[in-house]
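Coordinate inspection notes
What follows is each chain in one-letter form.
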Amino acid sequence: MSAEQLWDLPPSWSWERFEEVADVDLQLEDAKRFPTAVHIAPNHIESGTARLVDQGTVAGDKVAGPKHRFSRGQVLYSKIRPYLAKAVIAPCDGFCSSDMYPINARCEPAFLVRWLVSPAFTVRVSRDQNRTVLPKVNLATLRELPVPVPPLNEQRRIVAKLEALQARSRRAREALDAVPPLLEKLRQSILAAAFRGDLTKDWRAKHKDVEPASTWIRNNPQPEQRRSGRAAAITVRPGRCAISVGDPKTSTPPGWCWTSLLSVARMESGHTPSRAVESYWNGGIPWVSIPDARDHNGTTIDETASTISEEGLANSAARILPRETVCLVRTAASIGYVTVLGREMATSQDFANWVCGPALLPKYLMYALWAERDAIRSFGEGSAHPTVYFPELKAFHLKLAPLEEQQVIVDRIERYLSTWERLRGSVSAARQALATLESSYLAKAFRGELVPQDPRDEPAEAMLARLEGAKGAGQEEAASRAKSASGRRREARG
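Predicted model, so just to flag it, every value in this text is computed and none were measured.

Thoughts on the sheet that holds strand β21 (residues 346-347)
Pairing between sheet strands relies on hydrogen bonds along the backbone, with the strands arranged either parallel or antiparallel. Pairing in this open sheet of 3 strands is mixed, and the strands run β18-β16-β21 from one edge to the other. Only two strands of the sheet have a single neighbouring strand rather than two, namely β18 (306-308) and β21.

Details of the packing of helix α6 (residues 179-196) against helix α14 (residues 403-445)
With their axes 10 Å apart at the nearest point, α6 and α14 run at an angle of 180° to one another. Compared by their axis directions, α6 and α14 come out roughly antiparallel. Here Val179, Pro180, Leu183, Glu184, Leu186, Arg187, Ile190, Leu191, Ala194 and Phe195 of α6 lie close against α14, whose contacting residues are Ile409, Ile413, Tyr416, Leu417, Trp420, Leu423, Arg424, Val427 and Arg431. For the contact of α6 with α14, the per-class residue count stands at 15 nonpolar, no polar and 4 charged.

Examining the nonpolar core
Across soluble globular proteins, nonpolar side chains show a tendency to be buried alongside one another. Within the largest apolar cluster, 57 residues are counted, with the highest numbers of intra-cluster contacts made by Phe195, Trp354, Leu360, Tyr364, Leu369 and Phe396. The element that contributes the greatest number of residues to this core is helix α11 (residues 362-371), accounting for 8 residues.

Notes on the sheet that holds strand β23 (residues 396-400)
A sheet is described by the order of its strands in space; here 4 strands give the open sequence β12-β13-β23-β14, paired in antiparallel fashion. Across the chains shown, the open sheet's two edge strands, defined by having one partner strand only, are β12 (237-238) and β14 (257-260). This element, α11, spans β13 (243-245) and β23 of the sheet and lies at about 115° to β23.

A few points about the packing of α6 against α11
For the pair α6 and α11, interaxial distance at closest approach is 9 Å and the crossing angle is 125°. Classed by the angle they form, the pair α6 and α11 counts as oblique. Like other packed secondary-structure pairs, α6 and α11 cross with a definite hand, here left-handed. Seen from α6, the contacting residues are Arg187, Gln188, Leu191 and Phe195; seen from α11, they are Tyr364, Tyr367, Ala368, Trp370 and Ala371.

With respect to the pattern of salt bridges
For the coordinates displayed, the defined rule picks out 27 salt bridges. Between Glu421 and Arg424 there is a salt bridge, with the nearest N and O atoms lying 3.1 Å from each other. Pair noted here: Glu421 and Arg424 are both in helix α14, with a separation of 3 residues, about one helical turn. Connected via shared salt-bridge partners are Arg17, Glu19, Glu20 and Glu144.

Describing the packing of aromatic side chains
Here the structure, examined in full by the defined rule, presents 13 aromatic pairs. Taking NZ or CZ as reference, Arg69 lies 4.9 Å from the ring centre of Phe34, over its face.

A few points about the side chain of Gln155
Take Gln155: it is sitting in helix α5 (residues 152-177). Side-chain polar atoms of Gln155 contact the backbone oxygen of Pro150, separated by 2.9 Å. Discounting residues that sit within four places of it in the chain, Gln155 has contacts with Cys107, Glu108, Phe111, Val149, Pro150 and Met463.

Points about the environment of Leu26
Positionally, Leu26 belongs in the loop between β2 (22-24) and β3 (28-30). Along the backbone, Leu26 and Phe111 are 85 residues apart, and their C-alpha atoms lie at a distance of 21 Å. Beyond its immediate sequence surroundings of up to four residues, Leu26 is in contact with His68, Tyr101, Pro102 and Leu139.

How each quantity is defined
- Residues numbered from 1 in each chain as written.
- Predicted model: local features only at pLDDT ≥ 70, side-chain atom pairs only at ≥ 80, totals over all residues.
- Heavy atoms only, no water.
- Pairing = 2+ DSSP bridges.
- Helix = DSSP H or I, 4+ residues; strand = E, 2+ residues; numbered from the N terminus.
- Axes fitted to C-alpha atoms, helices over the stretch in contact; angles between N-to-C directions.
- Parallel < 35°, antiparallel > 145°, perpendicular 65-115°, else oblique.
- Contact = heavy atoms within 4.5 Å.
- Nonpolar A, V, L, I, M, F, W, Y, C, P; charged D, E, K, R; others polar.
- Core = buried A, V, L, I, M, F, W, Y, C linked by side-chain atoms within 4.5 Å.
- Buried < 20%, exposed > 50% of the residue type's maximum accessible area, 1.4 Å probe, protein only.
- Left-handed = near helix turned anticlockwise from the far one by under 90°.
- Salt bridge = Lys/Arg side-chain N within 4 Å of Asp/Glu carboxyl O.
- Phe/Tyr/Trp six-rings, centres within 6.5 Å; stacked < 30°, edge-to-face > 60°.
- Lys NZ or Arg CZ within 6 Å of the ring centre and 35° of its normal.
- Polar contact = N/O pair within 3.5 Å; in protein donor to acceptor, adjacent residues only side chain to side chain.

The values are spatial; any link to function lies outside them.
Quick look at the structure:
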């Protein structure tokens with residue numbers, strides 16, 4: 001019986017219901033009786049590629065309860081979260097999660113598994129899901145889904161072509177995957193070079209009469225700090241190039257100096273108004289949270305996901321911070337994200353904030369903190385919820401350049417980072433182009449356009465009819481043998 005027609009197929013192909021081309025073979029057994037048997041679960045399969053990336057054992061995966069037994073060469077399809085497109089050909093006998101269907105294919109198994117992970121099938125199988133929390137494909141639905149079936153020999157040609165193309169795609173993706181870590185190293189190198197003084201070495205040679213940073217500090221009053229909490233830490237913990245807990249007393253370029261960050265910036269904290277009071281929120285005052293800092297890391301933030309009200313501000317320890325305040329996340333896995341306020345805002349208590357004085361450019365401080373993210377994370381304490389506490393923050397020292405040179409450093413960092421962003425964008429565009437190419441040749445494969453048709457091939461309908469006939473004959477023969485054996489047993493007893 002023909003299935004739903006999704007698109008026109010070549011004359012030798014046919015649309016068939018899933019149950020016409022495959023049988024779901026459910027054999028539930030107590031897997032614990034076979035502790036060394038192979039166990040395959042959905043998490044062992046790569047999405048959309050039909051690749052098995054791992055496998056376990058019944059004992060190793062602590063499998064409990066009845067599981068489906070499968071045989072080598074069967075197709076294993078994950079019925080849970082069908083949008084993940086997970087299917088694979090079993091490489092051996094074993095047990096699979098009850099969230100998977102073992103399938104006997106009447107067509108080429110490698111062809112069927114490619115269809116099961118194709119975007120066209122995945123969209124179709126996900127379309128009628130009513131379960132939003134944990135969608136699953138029930139057996140009745142699967143049996144009715146359409147499968148494009150070419151002649152058997154063409155199925156094999158398609159599989160060979162797809163495997164060759166996907167091998168090339170995999171190599172291209174691996175090459176692209178190697179680029180982001182290199183780009184991250186490049187970014188760190190740019191920032192480190194800036195705070196070693198390397199980016200402005202030529203500039204200093206031409207501007208030897210620039211007022212040193214120490215003079216700027218001496219000629220400007222120190223910002224008034226809020227007196228609260230514990231005193232600054234006294235243990236020196238050097239950073240990589242720009243920030244240290246305590247004075248590391250390492251050498252600096254001419255005109256630069258190490259200085260307490262509190263000598264050139266006022267430190268502020270933040271707070272979160274009670275979530276239980278609705279009137280404290282959505283009042284139009286921008287309020288910076290960790291996700292905002294992550295999304296604007298190393299840049300200026302002008303909009304936030306949440307806002308608080310004047311009432312929320314008045315009934316919490318949150319404070320309105322001025323434009324160009326530098327905000328550093330100091331808690332959890334997000335330690336080290338840093339941004340500069342583009343306008344007046346408040347922040348959560350997850351931030352340490354600095355309002356820069358006349359001797360310090362906000363972006364210079366932001367880039368210094370960004371350059372030291374790894375070191376700043378090491379300054380945190382605690383394992384479950386690591387935090388950089390205020391004694392360490394109060395002891396932060398900054399490698400400070402003269403004010404004029406700070407601006408040159410910021411300009412040069414941003415020029416180099418602009419190139420860095422273009423490179424990163426090129427990698428993203430290449431990934432998208434590769435995904436589009438893969439979707440294109442998969443679409444061609446199941447439209448009959450990837451490999452040429454051969455008029456000598458047995459048409460799909462004839463092939464399926466022949467296989468069905470052979471299956472019926474085999475069943476009749478097996479029944480006849482069983483009947484004969486039963487008769488012989490009766491004669492022997494008689």
